[in-house]
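Letter by letter, the chains look like this.
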Amino acid sequence: MNQSQQCLGKVYLVGAGPGDPGLLTVKGKTLLEFADVVIYDALVSPQIVDLINPNAEKIHAGKRRGRHSLLQKETTQLLIEKAQTHAIVVRLKGGDPFIFGRGGEEMQDLIQAGISVEVVPGITSGIAAPAYAGIPLTHRDHSSSVTFVTGHETAGKYRPAVNWEAIAKGSETIVIYMGVHNLPYIIQQLTQAGHSPETPIALIRWGTRPDQEELIATLETIVQKVAETGFEAPAIAVIGSVVNLKRC
């Protein structure tokens, strides 16, 4: 190992959870309190940002549909640069770093650059938001399987499209991340694969936060309800009979 490698700091890929600061892990909170630099995403709640060491350098690198503060490659390069001059660099990501959070890509690039990396898991919105809405993703009488899938795919990825037919036939509960904008197409694919138009669906926006919003419908009626109510992203979708168990 050469001298430059010995002087490198460490990058922690920390999951901030879905929004409620009470769901942040103890380890994640401790790292925020002692961090030298924190690079955080758009979906990290303000209450969690407030936990960051006041002397730390805070950099917003959030990505929202159509509005990118930093490109992914710029974020990774920034992590590498900060790790060369600071001991504790935290990459704070909404939810869990490895669940549709590009944490795997960042980890690979950092390791390739010779940077030490540690992953601190977080609670993902696909589990937490339904729980806060009173929707169990599994239930002995309704569902013994759950599939987590993205509803927003990147062009040029490793395969051209999600296999919605296989998902429709292979799982009793489907949780879709980032699917509001593509909802008409997704529903068309699921119904063509055999899902009944009467299948219940729940859209949950700002899961676990005080302003959490929920929209309940069926595959047949959800698109119209979204248009009528002006329901917008960011939100997850839960599809399956477990939605009928939602508490009032």
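The rules behind each value
- Residues numbered from 1 in each chain as written.
- Predicted model: local features only at pLDDT ≥ 70, side-chain atom pairs only at ≥ 80, totals over all residues.
- Heavy atoms only, no water.
- Helix = DSSP H or I, 4+ residues; strand = E, 2+ residues; numbered from the N terminus.
- Rg over C-alpha atoms; globule rule 2.2 N^0.38 Å.
- Buried < 20%, exposed > 50% of the residue type's maximum accessible area, 1.4 Å probe, protein only.
- Contact = heavy atoms within 4.5 Å.
- Areas by Shrake-Rupley, 256 points an atom, 1.4 Å probe, with all protein chains shown as cover.
- Salt bridge = Lys/Arg side-chain N within 4 Å of Asp/Glu carboxyl O.
- Polar contact = N/O pair within 3.5 Å; in protein donor to acceptor, adjacent residues only side chain to side chain.
- Phe/Tyr/Trp six-rings, centres within 6.5 Å; stacked < 30°, edge-to-face > 60°.

Trainee: How should the overall build of the protein be read in this particular structure?
Mentor: Along its length, the protein carries nine helices and 12 strands. Rg of the C-alpha trace for the protein: 19 Å, near the compact-globule value of 18 Å for 248 residues, within the 12% margin. Its C-alpha atoms put the protein at 65 × 35 × 35 Å along the principal axes. For the protein, buried positions account for 46% of its 248 residues. For the protein, contacts bridging at least 24 residues in sequence account for 68% of all contacts bridging at least 6. Counting every atom, the protein has about 12500 Å² of accessible surface; 52% of that belongs to carbon and sulfur.

Trainee: Explanation requested: the pattern of salt bridges in the structure shown.
Mentor: Opposite charge on two side chains allows them to pair when their charged atoms are near. Throughout the structure, instances matching the rule amount to 11 salt bridges. One salt bridge in this structure joins Glu 118 and Lys 10, with 2.9 Å as the shortest N-O distance. One end of the pair, Glu 118, is in strand E7 (residues 116-120); the other, Lys 10, is in strand E1 (residues 10-15), with 108 residues separating them in the sequence. For Arg 205, the salt bridge identified is with Glu 213, shortest N-O distance 3.7 Å. The structure contains a network of salt bridges with shared partners spanning Asp 41, Arg 91, Lys 93 and Glu 106.

Trainee: How should I be thinking about the environment of Asn 53 in this particular structure?
Mentor: Its place among the elements puts Asn 53 in the loop between helix H3 (46-49) and strand E3 (57-60). For Asn 53, a relative accessible area of 15% corresponds to the buried category. With 110 residues separating them in the primary sequence, Asn 53 and Asn 163 have C-alpha atoms 44 Å apart. With residues near it in sequence (within four places) discarded, Asn 53 still touches Leu 32, Glu 33, Phe 34 and Ala 35. Among the polar contacts listed, one links the side chain of Asn 53 to the backbone oxygen of Ala 35, at a separation of 3.1 Å.

Trainee: What should I look at first to understand the packing of aromatic side chains in this one?
Mentor: The geometry of an aromatic ring pair is captured by two quantities: the separation of the ring centres and the angle between the planes. Scanning the model with the defined rule gives two aromatic pairs in all. Taking 4.9 Å as the distance between ring centres and 55 degrees as the angle between the ring planes, the aromatic pair formed by Phe 100 and Tyr 177 counts as tilted. With Phe 100 in the loop between strand E6 (88-93) and helix H5 (103-112) and Tyr 177 in strand E9 (residues 173-177), the pair connects residues that are 77 residues apart, well separated along the chain. Residue class for Tyr 177 comes out buried when judged on its relative accessible area of 6%. An aromatic cluster is present here, built from Phe 100, Phe 148 and Tyr 177 joined pairwise through their rings.

Trainee: I keep staring at the environment of Ile 174 and nothing clicks. Help me out?
Mentor: Along the chain, Ile 174 turns up in strand E9. Taking C-alpha positions, Ile 174 is 9.8 Å from Gly 126, a pair spaced 48 residues apart along the chain. Apart from residues no more than four positions distant in its own chain, Ile 174 is found in contact with Thr 147, Val 149, Ile 167, Ala 168, Leu 190, His 195, Ala 237, Val 238 and Ile 239.

Trainee: Would you mind showing me how to read unusual backbone geometry here?
Mentor: What you tend to see is this: most non-glycine residues have negative phi, and most peptide bonds are trans. Along the chain, Ala 233 connects to Pro 234 via a cis peptide bond; the corresponding omega equals 5 degrees. Note that Pro 234 resides in the loop between helix H9 (222-229) and strand E12 (235-239). The phi dihedral of Phe 100 falls on the positive side, at around 50 degrees, and the residue is not glycine. Its identity is not glycine, yet Thr 208 carries a phi of approximately 75 degrees, on the positive side.

Trainee: Even after reading the chapter, I still don't get the side chain of Arg 205, so can you show me in this structure?
Mentor: You can see Arg 205 is positioned in strand E10 (residues 200-205). Classification of Arg 205 as buried rests on a relative accessible area of 14%. Beyond its immediate stretch of four places on either side in the chain, Arg 205 contacts Asp 211, Gln 212, Glu 213, Phe 231, Glu 232, Ala 233, Pro 234 and Ala 235.

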